[in-house]
Structure formats: structure tokens, C-alpha cells
Amino acid sequence: MTALSLTKVNKSFGKVQVLYDIDLQVDEGEFVVFVGPSGCGKSTLLRVIAGLEDATSGEIFIAGEQVNMTPPAKRGIAMVFQTYALYPHLTVRGNMALALKQEGQPKDVIAARITEASRMLDLDPYLDRRPSELSGGQRQRVAIGRAVVRQPKLFLFDEPLSNLDAALRMNTRIEISDLHRSLGATIIYVTHDQTEAMTLADKIVVLRDGRVEQVGSPMELYNNPANQFVAGFLGAPSMNFLPASTVGGAEGLTLGVRPEDLARDPAGLLEAEVTHVEHLGGDTNVVLRGPVGTDITLRLFGQHEIGFGETLRLGFPPERAFYFDAEGRRVAA
Amino acid sequence: MNKARRNPLNNAAMHAILIAYTCVALFPVFVILINSFKTRKAIFREPLALPDADSFSMIGYQTVMEQGDFFLYFQNSFIVTVASLFFVLVFGAMAAFALSEYRFKGNTLMGLYLALGIMIPIRIGTVAILEMMVATGLVNTLWALILVYTAQGLPLAIFILSEFMRQVSADLKDAGRIDGLTEYTIFFRLVLPLVRPAMATVAVFNMIPIWNDLWFPLILAPAEHTKTLTLGSQVFIGQFVTDWNAVLSALSMAILPVMILYVIFSRQLIRGITSGAVK
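The present account deals with the structure reproduced in this document. Computed from a predicted structure; not experimentally measured.

1. Some words on the overall build of chain B
Per the secondary structure count, chain B includes 13 helices and zero strands. Along the chain direction, N to C, the helices and strands of chain B fall in the order α-α-α-α-α-α-α-α-α-α-α-α-α. The C-alpha atoms of chain B give 23 Å as radius of gyration, which overshoots the globular expectation for 279 residues (19 Å, by more than 25%). For chain B, the spread of C-alpha atoms along the three principal axes comes to 75 × 65 × 30 Å. When the 279 residues of chain B are sorted by exposure, 40% land in the buried category. Side-chain charges in chain B split into 19 positive and 15 negative, and the spacing between the mean points of these groups amounts to 11 Å.

Below you can see the structure in the form of C-alpha cells.
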């Protein structure tokens, strides 16, 4: 069944249009990630789905019902915010109970749901504390718990990890992924971080300047990007772009090769000078100055002794190369 | 302050300056207080001397208690001040919330219009206000004063509060909306507690001019039963003879309630429960 469907959704603030004709289908139980650079409209799209902003035109269906005129509380959604947005005057328990009380749920149902959620998120010791007495990671778990107790048709996450430090971010990412599996919930998740998108999503929606650039599974987008923007946005370190003519390709086209597809190859077509080496232990990233002055990143697995200023010859399997025209559209070689 | 950053010399200088300023600021109050406990002769002979066995006298306070209904004046001042502050804070905060939270046509224009009152003194409109009060039959009622002071306080209140309301996390308000809270609940339960320090600032700024005002009580409510404290004290100041004992005693007593209100609000100034709401 379709959990969410958008048809021709547009949004403008006054004269400024931020979303253009967004069409999207989300199936039940899917984990969908909206990703894009800041200002691409991904948060606005999420807010339109939540009902915090009205769509200027277009239709929004949640679980088959048109919700354009439905207030946020009645859309059957729950949202987790970047800044947690916990109610400062309520305890953890009170924070989780508030929405259920507003819905008019009986007390025993509220208590049971809170017990369930707090067990799932390990919040038991903190139920009677106030948000100010919790650490960042705990606050984010409470915010997730507040969404879970509502048993919504649709979970909306607005950059929930960007206020956490790196270690905690990884843990919380795994927790969210577990939660998705155990609840079988439909989740829409907004982030600007392509790693989060790649690791969490069943389906990634890449947005740029208010338009959908491409929709697909992480591996589809990685292996088969529709254009130069998607190719460059997903994958870290990001894809190398250089004029195709430098390796004997057609004039005017851009060649894209991922750093992990490049290899040292005496018969390779590229020659470049090492300008920077990053030793990460597990892999080694080498930045080189290629022909016509473009930077090329090479990702080698394992540890390598490469000196600054060395000249390397690089090659790549031809089937791993992408070609883009002047407008950034993908073309055959 | 951090111990390592504390330089004893700087510290001493800082305190000396602050203490000196405190003395300067409190000196007139101090003179009023000591002289209110002295005989008339002693006030003029040595205005700066402390009352001793010879010069000590409660005559001023006696006069104040006997002449005129001092407690009624007191009560009037209190009612007018507290009611005006209440309306300024409630309506000011509501307007500020609307201006900072909702996008509607003419939002900026409305904000400017409401802030205009900061630049134009309300006393310019005294004649028109008096005409309006006469027409509505509000002359010589406390409501006349409360309405005027509310109008006088609103512009600055809206100006200050809307700045603070903008700083309240938008996510918090949105979380409330998704959880099904009404806009009124969001305003009263989520936003107001977070801008409490700003509300206290507005209250303190408004309270003192209202309490001390002589102009509007004199024009709008000079009747015996609606006299405020400042107006009531004027009976002791004559064109040719002034009963200084009584004036000083009345002023001394007038300081107390403002001080109590100030203490209440300044506590709120310091207290803030923002921490933990976001980030």
C-alpha cells in the first residue's frame, strides 16, 4: 500500500518558489531519505508533508487520504526535530504523554505505550527527569520516543543527527535503523549528509533547487547516477570529474570516475602529481593534481607509502567511467 | 568569575566604581528617608543629619495618616499599576507572538504601526483622550487610567517581546502543533515561560513611570475616591506653604510597594528555564 503520495506539489514563499512539481510515491514500511545540499528545499518538503506549511498547489495523500486541508495533529504523523524540541517544562514521561493526552487516549493506553517506548529506547532511568537534565543523545532518544508512542502512519525525521557528535551519530543511526526494522514503520528522513542517506535508506530522493534530481535505491544511485549532480553528491570521497578529452574521449564531455575505481596502473591513461596524502589506516586517500590542473582523488585500500610530489599513472576500468554533457546530463561514452 | 582571570586590583576598582555609583543613586532616597523622621526645624537646620533624640519626630507620618485617605490612594495606585502591567504584558505578548510567528499581509506594516507609539509621547493626545473619556463616562474611574497606561506601555512591550519571541525555537512550536496543541496552548504553555525574563524587563520598564505619573491622574481621575498616591501627596505641597514633613513621609511610604514589585520581577529576570529546551 502507498503510505505517502505527492502529486505535482509546488511551494512558494511570496514570489520565491522553493519546490517545483514534486511527484513521489512512498510504500508502506519504506525508509525514504531526502538528501541534497542546504537550501535545496528538502526541509520545506518535509514540512509540507507534516502540514506545518501549506502546499501552494498539488495534492498530498497519506495512507490514501488526501490531507491538504488536515491540520498536522490529525495527519497521523510524528516528527523528530533537529533541535529535539522537547517541552522544557515537562518530564520525559510528560513529553511522551502529551500528544496522546491531546488525542484523548485513556490513561492505561498512554502508560502502556510509554513503557513500551522507553524499554525500546532505554529511557527507563530518565522517565522522571526534565530535558535540561539529559545529555544530547538522551534528548534525541526522548524525541524519538515521543514520536514512537503516537504509533503514526508516517515518521518524519528532520536532520535528527546533526546536533550529535560523530560517535553518538553512528550509534543513533544504528538505533534508528533498528527501530525501522522492529516497528516496520514508514520513515521519511531529511539529511544533507550523504553517508546517512546511503546507510539508512531503502530509497533516496536527491533534491536540488526544489526539484527532484533522481529517486532510487542507494546502490542504483551510486552505480547509475542520472546526472553529474547526483554522481558528485553521493559517495565519499566524491567522484572525480575531468574533461573527457584528457583521456581520449569526445570533446565537450565530462568524465566521472569514483576515487575507489581508480588504481595505480603503469598502462593507465592518466598521469598526475601527488599533492596530499591522507593515511586513515584502513584506506589511504591520495589527492593529485591531474592534467589541466584538476584535482583527482584516489582511494586506495590498505596502507601505502606514497611520497609528496611523486608522479603516479592511474587507470580505471572503462565500464566504471561515467560521461556527462555540458548540461550535466548522463550520456553514453 | 574564573579565579585565574581575577586581578585583585581590577576587582577592587570595579567594586569601588559600582559602590560609588550606588551611593550617588541612593543618596536622594536616603535624604528623603532620614528627613521624614525629623521635625520641621531639624529638616531645615541640618538636612543631612541623622535624626537624633532631639530632632526625631513622627509628625510627618501622623499628618499623612490623618489628612486625606492615604490608604485609599495607596490602593488606587496599586490597582492601576498592577492592572495596567497585566494588560500590557498579556496583550503585548499576544501581539508580539502574532507578529513574530505568523506570515500575513501587512505584517511589517503592522509592526511599524505598533512601534510608532514608542516615538510619539502619549501626552500629546491628552486633550483627545480626555474628550474620549468624557464621552464614554470613564472620567474619575480607575479604568480611565488603566486604559491609558496600557496604551502607553504596549508599543515598547511589543517591540521588545517580538524580538525575544523570534528567538524561541521554531521547532518547539512546530512540535506542539504536531502534538495537537492549540495556538493558545503553544503561546501560554510553551512560549511565554521561555520569554519570562523579557516579560519581567518590560514589566519593570513600565511599572515605575506608571506608579510615578502625576499627569493623567490629575487630568483624568482627580476625584477623591480615585486619587493615586502621587496625586494624593500633592495636597501637602502648596503654592506658599509646603508641609515638608508630610511630603517626605508620603514619598518614603510610596517607595515601598514599587520596591516589592521590583523584587518580584527581578527574580524572574534572573530565572530562565530555556536550558534544555533545544540543543
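Moving on, there is more to tell.
2. What to know about the sheet that holds strand E1 (residues 2–13) of chain A
All names here are of chain A. Spatial ordering of the open sheet is given by E2-E1-E4-E5, a layout of four strands whose pairing is antiparallel. Edge positions in the open sheet fall to strand E2 (16–27) and strand E5 (65–66), since each of these has one partner strand only. Pairing analysis gives five bridges linking E1 to strand E4 (residues 57–62), with the strands arranged antiparallel. In the strand pairing of E4, Thr7 is matched with Glu59. Strand contacts of helix H1 (residues 42–50): E1, E2 and E4, with the helix running at about 115° to E1, the strand carrying the most contacts.

3. Side note on the interface of chain A and chain B
With 28 residues of chain A at the contact, the number on the chain B side is 21 residues. Both faces considered, chain A and chain B share a buried interface measuring about 2,000 Å² in area, 60% of it formed by carbon and sulfur atoms. Here chain A is connected to chain B by three salt bridges. Where A:Glu53 meets B:Arg103, a salt bridge forms, and the shortest distance between an N and an O atom there is 2.8 Å. Listed by contribution, the elements that provide at least two residues to the side of chain A that touches chain B are H1, strand E6 (77–80), helix H2 (92–103) and helix H4 (136–148) of chain A. Split by residue class, the side of chain A that touches chain B holds 17 nonpolar, six polar and five charged.

4. Notes on the packing of aromatic side chains
Using the criterion set out here, one finds 15 aromatic pairs over all chains in the structure. Between the aromatic rings of B:Phe74 and B:Trp211, the centroid separation amounts to 6.4 Å while the plane-to-plane angle is 85°, which identifies the pairing as edge-to-face. You can see B:Phe74 sitting in helix H4 (residues 70–101) and its partner B:Trp211 sitting in helix H10 (residues 196–212), a full 137 residues away along the chain. Here B:Trp211 falls in the buried class, since its relative accessible area comes to 4%. Ring centres of B:Phe97 and B:Phe187 lie 5.2 Å apart, and the angle between their planes is 50°; this geometry places the pair in the tilted category. Of the two residues, B:Phe97 sits in helix H4 while B:Phe187 sits in helix H9 (residues 183–194), which places them 90 residues apart along the sequence. Both residues of the pair, B:Phe97 and B:Phe187, belong to the buried class. Each member of the aromatic cluster is reached from another via a ring pair, and the members are A:Phe31, A:Phe155, A:Phe157 and A:Tyr189. Over the ring of A:Tyr20 we find A:Arg211; its NZ or CZ atom is 3.9 Å from the centre of that ring. Here the basic side chain of A:Arg258 rests over the ring of A:Tyr222, its NZ or CZ set 4.0 Å away from the ring centre.

5. Things to note about H1(A)
H1(A) sits mainly inside the fold: eight of its nine residues count as buried. Note on H1(A): the residue one or two positions beyond its end, A:Gly51, has a positive phi of about 90°.

6. Re the nonpolar core
A:Leu4, A:Leu6, A:Phe34, A:Ile49, A:Leu156, A:Ile188 and B:Met165 are the most contacted members of the largest nonpolar core, which has 76 residues in total. With sequence-adjacent residues up to four places away left out, A:Leu6 is seen in contact with A:Ile22, A:Asp23, A:Leu24, A:Leu45, A:Ile49, A:Glu59 and A:Ile60. If you look at the next biggest cluster of nonpolar residues, it comprises 46 residues, including A:Val80, A:Leu123, A:Tyr222 and A:Phe229.

7. Topic: the pairing of strand E15 (residues 283–289) of chain A
Residue and element names in this part refer to chain A. The buried count for E15 comes to six of seven residues, which makes it a mostly enclosed element. Pairing between strand E14 (residues 270–279) and E15: six bridges, direction antiparallel. Along E15, the bridge assignment pairs His279 with Thr284. Connecting E14 to the antiparallel partner E15 that follows it, the hairpin turn spans three residues, and Gly281 within it adopts a positive phi of roughly 90°. Taken together, the seven bridges between E15 and strand E16 (residues 295–301) define a ladder with antiparallel strand orientation. Considered in E16, the bridge of Val287 is made with Thr297. Remark: five residues form the turn of the hairpin made by E15 and E16, two consecutive strands paired antiparallel; Val292 in that turn has positive phi of roughly 50°.

8. Considerations on the sheet that holds strand E7 (residues 154–158) of chain A
All names here are of chain A. Spatially, E6-E7-E8-E3-E9-E10 is the arrangement adopted by the six strands of the open sheet, whose pairing is mixed. Edge positions in the sheet fall to E6 and strand E10 (211–216), since each has one partner strand and no second. Here the average twist between neighbouring strands, direction ignored, is 20°. In terms of strand pairing, strand E3 (residues 31–35) meets strand E9 (residues 203–208) through four bridges, oriented parallel. Across the sheet, the residue bridging to Val33 is Ile204, located in E9. Relative to the sheet, H1 contacts E3, E6, E7, strand E8 (187–191) and E9, its axis offset from that of E7 by approximately 150°.

9. What about helix H3 (residues 107–120) of chain A?
All names here are of chain A. Compared with the 20 Å implied by 1.5 Å per residue over 14 residues, the 20 Å span of H3 between its first and last C-alpha is a close match. Listed as buried for H3 are Ile110, Arg113, Ile114, Ala117 and Ser118. All buried residues of H3 project into a common sector of 125° when viewed along the axis, lining one side. In the stretch just after H3, Asp122 is the one whose phi turns positive, near 55°.

10. Brief notes about the pattern of salt bridges
Residues and elements named next belong to chain A. Applying the stated criterion across every chain, the model contains 27 salt bridges over all chains. Two residues, Asp283 and Arg299, come together in a salt bridge whose shortest N-O distance is 3.3 Å. Here Asp283, found in strand E15, pairs with Arg299, found in strand E16; they are 16 residues apart in sequence, far enough to count as distant. There is no split in this pair, since Asp283 and Arg299 are both buried.

Scoring rules and cut-offs
- Residues numbered from 1 in each chain as written.
- Chains lettered and ligands numbered in written order.
- Predicted model: local features only at pLDDT ≥ 70, side-chain atom pairs only at ≥ 80, totals over all residues.
- Heavy atoms only, no water.
- Helix = DSSP H or I, 4+ residues; strand = E, 2+ residues; numbered from the N terminus.
- Rg over C-alpha atoms; globule rule 2.2 N^0.38 Å.
- Buried < 20%, exposed > 50% of the residue type's maximum accessible area, 1.4 Å probe, protein only.
- Lys, Arg positive; Asp, Glu negative; His and termini not counted.
- Charge placed at Lys NZ, Arg CZ, Asp CG, Glu CD.
- Pairing = 2+ DSSP bridges.
- Contact = heavy atoms within 4.5 Å.
- Axes fitted to C-alpha atoms, helices over the stretch in contact; angles between N-to-C directions.
- Buried area = accessible area lost by both parts, 1.4 Å probe.
- Salt bridge = Lys/Arg side-chain N within 4 Å of Asp/Glu carboxyl O.
- Nonpolar A, V, L, I, M, F, W, Y, C, P; charged D, E, K, R; others polar.
- Phe/Tyr/Trp six-rings, centres within 6.5 Å; stacked < 30°, edge-to-face > 60°.
- Lys NZ or Arg CZ within 6 Å of the ring centre and 35° of its normal.
- Core = buried A, V, L, I, M, F, W, Y, C linked by side-chain atoms within 4.5 Å.
- Expected span 1.5 Å × (residues − 1).
- Arc of directions from axis to C-beta.

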